[in-house]
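Residue strings, one per chain:
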Amino acid sequence: MTSSAPDRAVGGAGRYAPSPSGDLHLGNLRTALLAWALARATGRRFVLRVEDIDRVRPGAAERQLADLARLGLDWDGPPLLQSSREAEHRAVVARLTAAGRTYECYCTRREIQAAASAPHGAPGAYPGTCRDLDDAERARRRRERPPAVRLRADVRSRTVVDRWTGAFTGVVDDFVLLRNDGRPAYNLAVVLDDAHQGVDQVVRGDDLLPSTPRQAHLAAVLGLGEPEWAHVPLVLNPRGQRLAKRDGAVTLAELAAAGHGPEEVVGRLAASLGLPGPARTAQDVLAVFDEDALSREPWVVDPAGWAAQARAAAEVPASSGACGSSGSARKRS
C-alpha cells in the first residue's frame, strides 16, 4: 500500500459527497472506492455528505449508503445532510454582503448564455451584467424577478494544483452564491461543508475540474484552507460518452439482478484502476493500493458485455479451463 505524493495533514479527511438524485452507477462507485482508498492509504478519516440541496429522489440517499456499504466502504461519523447547514451557508453570504463582496443578479439563464456567446465573451463565465447597476435599476429589476446573489470576484482566474493532472488554470467569475429561490449554490455549499467536515483531500470526477478555481478562490476569500485535489477520469460507454443509466445494468441492484454480485463489481473496479488482483473487497483494494499504478485514462464500460461474458463463462465446459474467458472479461472491461 503506497502513495507517491507527500501528505500535509494526516489528521484531515477525504470524502465522498453524492447527490441523492438516483442510485449510484459504476462511475460513482468507482470514484467512491478510490476516494475511500486514497484517504485510508494516507492516514485520513473518510466522511460522507449527502448533497441534498438540489434534486432529491425519495429513498435514493438510503440506497446509496447501502450500496457503499455493500462494496465494503466504511466511514467516520454519520453522513452529513447538506440541507441541515443551509442557515450557516446563508449566514456566510450575509457576512460577505456586509463587507461589499456580493451583489444581486437578476439575469435569466438565457440572458447569461447569450452574453457568454457574444464576441469576446468567456464561455461559461458570467459577464458581470448586474455588477454595477445603480439603486434605481436594482429596485426596478427586483420587482420583476427574485435575485440571485453573486460573489464580487476580484480576480479573473486562478491556478490550482491537482494531485494527478498537475497545474490547472481556470476562470473565476462572479459566480452564484445563493440562487434566486434563496437556496445555497453548489460552489458555496461545497466549500463551506468541506471545511466544516475537516476535508483536506477531495477526490471526484474530472468533469468538476473547471469549477475548482472558483472554489479555491472562495476558500481564500473566506480564509479557509484549500484541500488537495484529485480529479478522476470519467467512466465512459463504448460510444465515448459519459456512462449513464440508459446504457444498461450500471447500478449495483441492476448488476446483482444480472448475476454480478458486489465482489465481482469490486474486482472490476480495482482492475479498471490498474490495481493487481484478485480484489473482492474494499480491504483487498486497500491492501494493494498503489497511487503510482493508478490508471489516468477513462474507463470504457459496456454493461451489455458483462452479461454476455457471464453467459459465455457458463457455456464453457469445466475441462476447457477458465483462462480464455477470464482474459476476455479483462479486455472488455
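Scroll up a little and you will see the structure.
Just so you know, these numbers come straight off a predicted model, no measurement behind them. (Residues numbered from 1 in each chain as written. Predicted model: local features only at pLDDT ≥ 70, side-chain atom pairs only at ≥ 80, totals over all residues. Heavy atoms only, no water.)

Undergrad: So what about the side chain of Asn-237? Which residues, and what values?
TA: On the secondary structure map, Asn-237 appears in the loop between β11 (235-236) and α8 (252-257). Classification of Asn-237 by relative accessible area gives buried; the value is 1%. Here Arg-239 takes part through its backbone nitrogen, which lies 2.9 Å from a polar atom of the side chain of Asn-237. Filtering out sequence-adjacent residues up to four positions away, Asn-237 remains in contact with Arg-242, Leu-243, Asp-247, Val-300 and Val-301. (Helix = DSSP H or I, 4+ residues; strand = E, 2+ residues; numbered from the N terminus. Buried < 20%, exposed > 50% of the residue type's maximum accessible area, 1.4 Å probe, protein only. Polar contact = N/O pair within 3.5 Å; in protein donor to acceptor, adjacent residues only side chain to side chain. Contact = heavy atoms within 4.5 Å.)

Undergrad: Explain the packing of helix α1 (residues 26-41) against helix α9 (residues 262-272) residue by residue, including any values.
TA: Two elements in contact, α1 and α9, have axes separated by 10 Å at closest approach and are oriented at 70 degrees. Between α1 and α9, the crossing angle belongs to the class labelled roughly perpendicular. In this structure, α1 uses Leu-26, Leu-29, Arg-30 and Leu-33 to contact α9, whose residues at the interface are Val-265, Leu-269 and Ser-272. Class assignment for the residues of the contact of α1 with α9 results in five nonpolar, one polar and one charged. (Axes fitted to C-alpha atoms, helices over the stretch in contact; angles between N-to-C directions. Parallel < 35°, antiparallel > 145°, perpendicular 65-115°, else oblique. Nonpolar A, V, L, I, M, F, W, Y, C, P; charged D, E, K, R; others polar.)

Undergrad: Run through the sheet that holds strand β8 (residues 176-178), naming residues and quoting values.
TA: Spatial ordering of the open sheet is given by β4-β5-β8, a layout of three strands whose pairing is antiparallel. Among the strands making up the open sheet, the edge pair consists of β4 (102-105) and β8. For this sheet, the mean inter-axis angle between neighbouring strands, taken without regard to orientation, is 45 degrees. Of the pairings in the sheet, the one linking β4 to strand β5 (residues 148-151) comprises four bridges and is antiparallel in character. Residue Tyr-103 lies in a different strand from β5, and its bridge partner there is Arg-150. (Pairing = 2+ DSSP bridges.)

Undergrad: I'd like a rundown of the environment of His-196, residues and numbers included.
TA: Position of His-196 relative to the elements: it lies in helix α6 (residues 186-196). Taking the C-alpha atoms as reference points, His-196 and Leu-224, 28 residues apart in sequence, are found 10.0 Å from one another. If we ignore the near neighbours within four places in the chain, the residues touching His-196 are Leu-80 and Arg-85. At a separation of 3.4 Å, a polar atom in the side chain of His-196 contacts the side chain of Arg-85.

Undergrad: I'd like a description of the pairing of strand β2 (residues 45-50), backed by residues and values.
TA: Counting buried residues along β2, five of its six residues qualify, which places the element largely inside the surrounding structure. For the crossover from strand β1 (residues 13-16) across α1 to β2, the handedness is right-handed. For β2 and strand β3 (residues 80-81), the ladder comprises two bridges, and the chain directions are parallel. Looking at β3, one finds that Val-50 is bridged to Leu-81. Read from β2 through helix α2 (residues 60-70) to β3, the crossover connection turns out right-handed. (Right-handed = clockwise from strand over helix to strand, strands pointing away.)

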